[in-house]
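Understanding the architecture of this molecule
Residues per chain, in single letters:
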Amino acid sequence: MNPITGRRYAPAWQLPRFLPYALQTYTDLQREFNTTFFHDEPILRLFQDDQDRMAWEQRRKEPAVQSFARQIEGSEWNEIPGDATFGGGLFRGGGFLQTGAMLDCLHRAIGNVGVLFEGRSEHDSVRVVEGDDLRLSDLSASVTFCEGLGVERNPYFSTLPFEFSQGDILPVRIESFPDRCLVCRGINLVPAGDATFRAGASYDWSSRDPAPTVRGRRWIETRLRGFLRTPFEVIDHAAGVR
């Protein structure tokens, strides 16, 4: 979760409205489940080139950006864990969410109160009621489809102009590399504990195959070698389509 996004360093859409709500929601859920799945960590963004740095210079004095980011100064450069030839900035207010862990907690909680029905349902068992609401034929609740790439086969939404992108992620081990922040330099490096990190993701707009690819792995490895000052070890390889 990054409050300042893209090559233009623009504040995320509706940031003042949505960010406090998201942070409070994660805090409340963690308290309820007595666990941690959201990690409030700063994001170290290392500029890739002069164009990247100039885009930052044009934005960094804007009030909406200043409240979430600052330029790295002076002796702080000695602690930067990567190539900072073109400079960098430190962004606050973001972090990363362990989505799987949160969904597991929610799944158990919903099941415990007896309102979770698990099974297979076909699209033809859905009916349209007054107000264009979609409902399952045997339930009164409204239907929300969470199908990912499968939405292409959904008769209610198959005509919408979705764009899909295949992406690879490499869990890697990097000894003696600081894990107190996320690092971004054309690729994201997210701490995962015990000197391991999740590196990625790649983008392939032409593929809808969720399988890991050699091309994606090579792309990530090349990006990592481009800014890391220390060796890394690939310990796994995953992929998906978003």
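Preceding this section is the structure that the text describes.
Description of the structure in this document. (Residues numbered from 1 in each chain as written. Predicted model: local features only at pLDDT ≥ 70, side-chain atom pairs only at ≥ 80, totals over all residues. Heavy atoms only, no water.)

**Brief notes about the pairing of strand E6 (residues 88-91)**
- The alternating pattern of E6 places Gly 88 and Leu 90 on one face and Gly 89 and Phe 91 on the opposite face, and all of these are buried.
- As defined by bridge partners, strand E4 (residues 43-46) adjoins E6 across 4 bridges and the pair is classed as antiparallel. By the bridge assignment, Leu 44 is partnered in E6 with Leu 90.
- Bridge count for strand E5 (residues 69-71) against E6 is 3 bridges, and the pairing is antiparallel. The residue of E6 that forms the bridge with Arg 70 is Leu 90. (Buried < 20%, exposed > 50% of the residue type's maximum accessible area, 1.4 Å probe, protein only. Helix = DSSP H or I, 4+ residues; strand = E, 2+ residues; numbered from the N terminus. Pairing = 2+ DSSP bridges.)

**Comments concerning the packing of aromatic side chains**
- Summed over the entire model, instances satisfying the criterion amount to 12 aromatic pairs.
- Consider the rings of Trp 56 and Phe 91, whose centres lie 5.6 Å apart with planes at 65°: the pair is edge-to-face. Residue Trp 56 is located in helix H2 (residues 50-59), and its partner Phe 91 is located in strand E6; the two are separated by 35 residues in the primary sequence. Both residues of the pair, Trp 56 and Phe 91, belong to the buried class.
- Of the aromatic side chains, those joined through ring pairs into one cluster are Tyr 9, Phe 47, Trp 56 and Phe 91. (Phe/Tyr/Trp six-rings, centres within 6.5 Å; stacked < 30°, edge-to-face > 60°.)

**Structural notes on the side chain of Ser 207**
- You can see Ser 207 is positioned in the loop between strand E13 (196-200) and helix H5 (214-227).
- The class of Ser 207 is buried, set by a relative accessible area of 17%.
- Engagement of the side chain of Ser 207 in a polar contact is seen with the backbone nitrogen of Asp 209, the distance being 3.2 Å.
- Contacts of Ser 207, omitting those with residues within four sequence positions, involve Ser 165 and Gln 166. (Polar contact = N/O pair within 3.5 Å; in protein donor to acceptor, adjacent residues only side chain to side chain. Contact = heavy atoms within 4.5 Å.)

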